[in-house]
Structures are given as structure tokens and as C-alpha cells.
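Spelled out from the first residue to the last, the chains are:
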Amino acid sequence: MRKQLKLLREKMRERGVDVYLVFTSDYHGSEYVGDYFKVRQYVSGFTGSAGTLVVTQKEAGLWTDGRYFLQAERQLDGSGITLYKEREPRVPTIEEYLENTLEPGQVLGVDGRCVMADYGKCLEEITKKNNAKLVTNLDLGGEIWEDRPPLSRESVWPLPVEYAGETSKDKISRVREFLARKGADYFLLTSLEDIAWLLNMRGNDVESTPVVLSYLLLGRSEIIWYVEEACLCETVKKILLKEKISVRPYEAVYKDVAKLPESSCLYYDEAAVNSALVACIPDGVKCIKGVNPTFLFKAIKNPVEVENERKAHVKDGVAVTKFIFWLKTRVGKEKITEMSAAQHLIQLRKQQEHYVEESFEPIIAYKEHGAIVHYSATEDTDVELKPESFVLADTGGHYLEGTTDITRTIALGPLTREEKEMYTTVLRGHINLAAAQFLHGCTGQSLDALARTPLWEKGLDYNHGTGHGVGYLLSVHEGPNSFRYRPGKDGRSDCVFEEGMITSDEPGLYLEGKFGIRLENLLVCLKSMNNGKGNFFEFEPLTLVPFDRDAIVPELLTEKEKKWLNGYHKKVYETLSPHLKKEEAAWLKDAAGEIS
């Protein structure tokens, strides 16, 4: 049993807490969090980016999704924590577990700053139903964490309008127009990505997500940004002064919300504002609850952002193509491991102009490691790549021109017939979705089956969504656009596709103990035609990197699929070859050659 779990139980007994929840969240509901907020990881030892820990005096359980089943099984072994595989048959949800576990008079404890208000209400209902009590001011995991890292206080930097495509002033005006239609006096915004988008500001408070720890309160005429002033350089201060944006300390938002005029009307998003902050709202304030207007605004990229993203993907395509060439020509001749390969790719990206950082931790997974959907190599698991089978490379970068996310499964040597057939099947699904033409009004649930059908026809599937929205120099996972055949738990991961939305196309296949395959491009949604039947849309691939011809069985592709692939590869070669060395360009010409 982990020492941290024992210490947490001791602290629970000391505080009279019978059941305690530890979420993977910061005070803003972020997907990825800074080191200060990694309490669940500290207590459980599980390093995945999604999961919730439930601890009682007798039991402990970790709930996570299909991306992390294999990783969680390995990391939780011997910890005293049971893995609960979300959405699997006969596996209770956290809510069902709490309803069956909480006894009358018992106390359920949480840190209300890390619980979004909508889920906080759910926990309240469960405790009332069980005649138990909910206590929301307990950071017990933090109390036992002696060497807990400090809250990040990194420097803030502005994103010029030539990259953002729209001034902060115009964005704020759009939000105020929305609030006026709703009849709201104030808007409470706590989503870090939304604040960064609205203010055209970026930072480094969350690894791989260039955001700033802050809150924002927007009124009809005033706007207050709750951020530590020490993080603001003179350039940023001048911009804020010009935009008439006031600055207050980060934690001051709780006191200021408590002082809102009782005759006023406040708009906020229950899924994006924490329970502790909502508890501060005076009783007399009228509350309008709805989705943040910035949520959809930032998902629809403007023409400047779209064109910049095309430029970013040329740079990224050069880096990744150089990487694949390097792997193909060096593996077996020199020692290359999963971790050293990841570092080599990072160095290739750093050579590109306007590179900022990786958009997420690189996944370089060789052979059976590729079957672990979000595998991350460590010193203990790092293995040498050999000239055989597959290596799966899921990586991405942030540039001033935008964000990239690409997965290629690369043949390092001879492949079995099974490996080739499975690769071709996944590629067919990828192409089917990328080549879609559809009527306006379609959502990701309407389109997801296009990517899964080739696998479904073989009785196969993958346990993750087919695609997610991607931010512009923000989070690599951004809603509400996505491809998934099942609705998301929060109802915010599916929407009608609009022109300018950028979404990943990444079907996969994972055979435990053998290999994994995933093929991912980013697609931008564009208008196709209007023929009197309505507005039709299509996708343009932004990602420009060849698929692996060594892994393709041509006779398994339809003529339509071959035509799409040949056209894509022609564009890849014509776009990238001028940026490559002579031997790299010669290799790419063959790698992107026509399949007849």
C-alpha cells in the first residue's frame, strides 16, 4: 500500500471524513494541470491526465477511461487502490459507488475549489439522498504533501493580432453583446483557455498549455483580471491599461464575487466555475447559468487563424517528416530508444521558426507499448527501437501560428500480414472521415461511424473518441467539436460543425501485448458548396506528413480511398520537399509515391 494513501486516511480520521474524493483538476476545471494541483497523482501514483480517486477507510478506487486502462493497471499494482474501468460492463460509476457506500451521518469531503459547480450539485444530491453530509473546504491531499510545489507564477506575454486575427477589444465587445441579450450585468469567467483567448494573452502556468492562472469578471463597462501583478511585464501592463482592464490579485476574486450588488445579474457556466466560488455569490444576486459564450467563439477559428495554422503545419510537417526519415534510416544502426527518439523530434521542432513548446508530452510507443493508448515512456519502461514491427508516435507542437497534433504509426522493418492489414484498415477509416462531404447541421456523432466502419466490419473497435477540437496556441484538446459515437458525459463534447473548426481525425487499433496503430491528422472544416439543397461542408487536412506505404496493402483500398491518398501524398511532397535536404526529399518522393 502506498504511504500517501495511509497518510490520507489518517488525515481523514483526524477531520472526521468518511469518504474523500481527489479530482484531476485545478481551480479552473482544466484538463491538464500544473504541478501544484497534481494531488491525485501524488496520492495514487497514477500519472494519467484523467481520473478520480475515491478513498474510504477500507477501500480506495481510481476511476479512469479507456485511454488509460493498461497504464493504470501497471501503476496501481500494489498501491492498495482498485482500478474502476469507466463505461465497462458491471463497473459502477463514481456516483453509483457513492450512493452504495455512504451511510447516514457520514461525511463526504472534497476541495470545493477543484469541483466544478455542476458536479458539486450532484454530490450534494447524493449526500442528501443518503442522509450524509458534504464538506467542501478540505484539501486533505495537499495537507499531507510536505514538498508540494508552489503555485506557478510564470510571466505573461501578449499574442499579437497578426496571430490572433482579432483584437481583444473586439472579442470583449462580442461577449458584452451576448450578455446584453441575456440581460446580465456581470460575467464570471474562470476557464484558463477562454481567458487567454479573450485577452489575447498567453503564459506558462500549465505544462504544454500556454495559459495564465487567473480569473476574470466582466461587467457592462469594467473588466477585472485576477492575476498576480508580478507576472505582468511593462508591455502587458500598457496593453491592459489601454484596454481599460483592471488587475487584482489572483485570490481576490472570492471576496469580490461576495461583494456583487444584490440587485445585479451574474452570468456563469456551472461546468466551468468551481463550487467554492459559486458559494460566494450573495443570495440576492440573480444568476443566469449557461455555457460560456467564449467556448464556441474560440472554437470557430477566424480566417487569419486558419491561414496561420496552415503555416504551422508546414513547419511541423517538415520536422515530423525529417524524424520519420531519421528513424527509417538509422534504426538498427545506432541505439535509439523511445525516450531518445522523442527528444530528437523535439529538437527538430525547435529548429522551426516561432516554435513555442510541445503541445503535450510526446508519446513514442514501440511494439506492445503502442497498445497502451496514452503510453508515456519512463526510465523504467524505455526500450530500444529495433528494425521490426511498429512504433507509434503521437506528438504535437505549439507555434505562434498555431497548435499541431499528429500521430503516425511507423514501420521500422518487416511487418507481418496482420500488422499490414490492421494498418490499412485503420487508414481506410481515417480516409473515410477526412474525405467526408456533409450537410450543415451534422455533428461529430453523425460522422464518427465513417472512421469506425472498416474496423466494425471486422468486429474491431477502439476505446476512445475519433477526434477532438484543437485550440489555437491553447489546449490541444478543445471543445465543443469532436468525433465520437457516444455522447460525452457533460453534453459539451458534440456540436454542429461550423466553418473554421479544427478537429483531429485519429482512429486506432490496439492489440494488447502485440502492437498499437493510430493515424491522426488535424482537419479544418470548410464550406464546400450550396446547390439549393443546403450548405455542404468538407474537411481540409492541415497535417502534412506521409502515411507509411510500407504498411499499406493496396488491394484492400477502394479506388476512392486510393485517389484521396494519392492526392494527399502529392500535396505533402510538393509542400515539404523544398524545405528538406536532398536525401530527405528523395526519400519523401518515394514515400509519397502514387499507389496504383
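As the structure is a computational prediction, the values presented were derived from the model and not from experiment.

The rules behind the values
- Residues numbered from 1 in each chain as written.
- Predicted model: local features only at pLDDT ≥ 70, side-chain atom pairs only at ≥ 80, totals over all residues.
- Heavy atoms only, no water.
- Helix = DSSP H or I, 4+ residues; strand = E, 2+ residues; numbered from the N terminus.
- Buried < 20%, exposed > 50% of the residue type's maximum accessible area, 1.4 Å probe, protein only.
- Contact = heavy atoms within 4.5 Å.
- Areas by Shrake-Rupley, 256 points an atom, 1.4 Å probe, with all protein chains shown as cover.
- Lys, Arg positive; Asp, Glu negative; His and termini not counted.
- Charge placed at Lys NZ, Arg CZ, Asp CG, Glu CD.
- Salt bridge = Lys/Arg side-chain N within 4 Å of Asp/Glu carboxyl O.
- Expected span 1.5 Å × (residues − 1).
- Arc of directions from axis to C-beta.
- Pairing = 2+ DSSP bridges.
- Axes fitted to C-alpha atoms, helices over the stretch in contact; angles between N-to-C directions.
- Core = buried A, V, L, I, M, F, W, Y, C linked by side-chain atoms within 4.5 Å.
- Phe/Tyr/Trp six-rings, centres within 6.5 Å; stacked < 30°, edge-to-face > 60°.
- Lys NZ or Arg CZ within 6 Å of the ring centre and 35° of its normal.

K.L.:
So what's going on with the overall build of the protein chain? Which residues, and what values?
P.N.:
Along the backbone of the protein chain there are 19 helices and 28 strands. A principal-axis box enclosing the C-alpha atoms of the protein chain has dimensions of 70 × 55 × 50 Å. Out of the 596 residues in the protein chain, the part that is buried amounts to 59%. A separation threshold of at least 6 residues defines the contact pool for the protein chain, and within that pool the share at least 24 residues apart is 70%. Just so you have it, the protein chain exposes about 24600 Å², and 49% of that area is on carbon and sulfur atoms. Of the side chains in the protein chain, 76 bear a positive and 91 a negative charge, and the two mean positions are spaced by 2 Å.

K.L.:
Which residues make up the pattern of salt bridges, and what are the values?
P.N.:
In the structure shown here, the tally under the stated rule is 41 salt bridges. Across the pair Lys298 and Asp194 runs a salt bridge whose closest N-O atoms are separated by 2.8 Å. Of this pair, Lys298 sits in helix α13 (residues 293-299) while Asp194 sits in helix α9 (residues 192-199), and the two are 104 residues apart along the sequence. Note on accessibility: Lys298 and Asp194 belong to one class, buried. Look at the salt bridges and you will find they share partners, linking Lys11, Glu14, Arg15 and Glu143 into a network.

K.L.:
An account of helix α8 (residues 168-182) is requested, with residue identities and associated values reported.
P.N.:
With 15 residues, α8 should reach 21 Å at 1.5 Å per residue; the first-to-last C-alpha distance of 21 Å fits that figure. Taken residue by residue, α8 has Ser168, Lys171, Ile172, Val175, Phe178 and Leu179 as its buried positions. The buried residues of α8 occupy an angular sector of 115 degrees when projected down its axis, which confines them to one face. Exposed residues lying more than 90 degrees from the buried face of α8 are Lys169, Ala180 and Arg181. Trailing α8 by a residue or two, Gly183 shows a phi angle of about 75 degrees, which is positive.

K.L.:
Outline the sheet that holds strand β13 (residues 265-268), supporting the account with residue identities and numerical values.
P.N.:
Pairing in this open sheet of six strands is mixed, and the strands run β12-β11-β10-β8-β13-β14 from one edge to the other. Two strands close off the open sheet at either side, each with one partner strand: β12 (245-248) and β14 (286-289). Averaged over all adjacent pairs, the angle separating strand axes in this sheet is 20 degrees, with direction ignored. Looking at chain direction, β13 and β14 are connected through four bridges and run parallel. Each residue of the ladder has a partner; that of Leu266, found in β14, is Cys287.

K.L.:
Can you tell me about the side chain of Arg202, naming the residues and giving the values?
P.N.:
With respect to the secondary-structure elements, Arg202 resides in strand β9 (residues 201-202). Glu305 is the oppositely charged side chain nearest to the buried, salt-bridge-free Arg202, at an N-O distance of 5.9 Å.

K.L.:
Hey, could you go over the sheet that holds strand β19 (residues 402-403) for me, with residue numbers and the actual values?
P.N.:
Spatially, the three strands line up as an open sheet ordered β15-β18-β19, and their pairing is antiparallel. Unpaired on one side and paired on the other, β15 (355-358) and β19 mark the two borders of the sheet. The pairing of strand β18 (residues 397-399) with β19 spans two bridges and is classified as antiparallel. Its bridge partner being in β19, Tyr399 is matched across the sheet by Gly402. Packing of helix α15 (residues 338-350) onto the sheet brings it into contact with β15 and β18, and relative to β15 it is tilted by some 160 degrees.

K.L.:
Just give me the short version of the nonpolar core, but keep the residues and values in it.
P.N.:
Membership of the largest hydrophobic core comes to 73 residues, with the highest contact counts inside it found for Phe323, Leu327, Leu385, Tyr423, Phe438, Phe539 and Leu565. A total of eight residues in this core trace back to one element, the largest contributor, which is helix α14 (residues 303-330). What Tyr423 contacts, discounting residues up to four positions off in sequence, is Phe390, Thr409, Ile517, Leu519, Phe547, Asp548, Ala551 and Ile552. Judged by nonpolar contacts, the second largest core, of 57 residues, contains Val33, Val212, Val253 and Leu474.

K.L.:
Give a description of the packing of aromatic side chains that names residues and reports values.
P.N.:
Given two aromatic rings, their pairing is described by the distance between the two centres and the angle made by the two planes. Throughout the structure, instances matching the rule amount to 27 aromatic pairs. Note on Phe23 and Tyr119: the rings are 5.9 Å apart at their centroids and 85 degrees apart in plane angle, and the pair reads as edge-to-face. Residue Phe23 is found in the loop between β1 (19-22) and α2 (39-44), and its partner Tyr119 is found in helix α5 (residues 117-129); the two are separated by 96 residues along the sequence. Judged by its relative accessible area of 13%, Phe23 is buried. For Tyr119, a relative accessible area of 22% puts it in the partly exposed group. Members of the aromatic cluster, connected to one another through ring pairs, are Phe438, Phe483, Phe497, Phe537 and Phe539. The ring of Tyr36 has Arg148 lying over it, and the distance from NZ or CZ to the ring centre is 3.7 Å. One cation-aromatic arrangement involves Arg452 over Tyr462; the distance from NZ or CZ to the ring centre is 4.0 Å.

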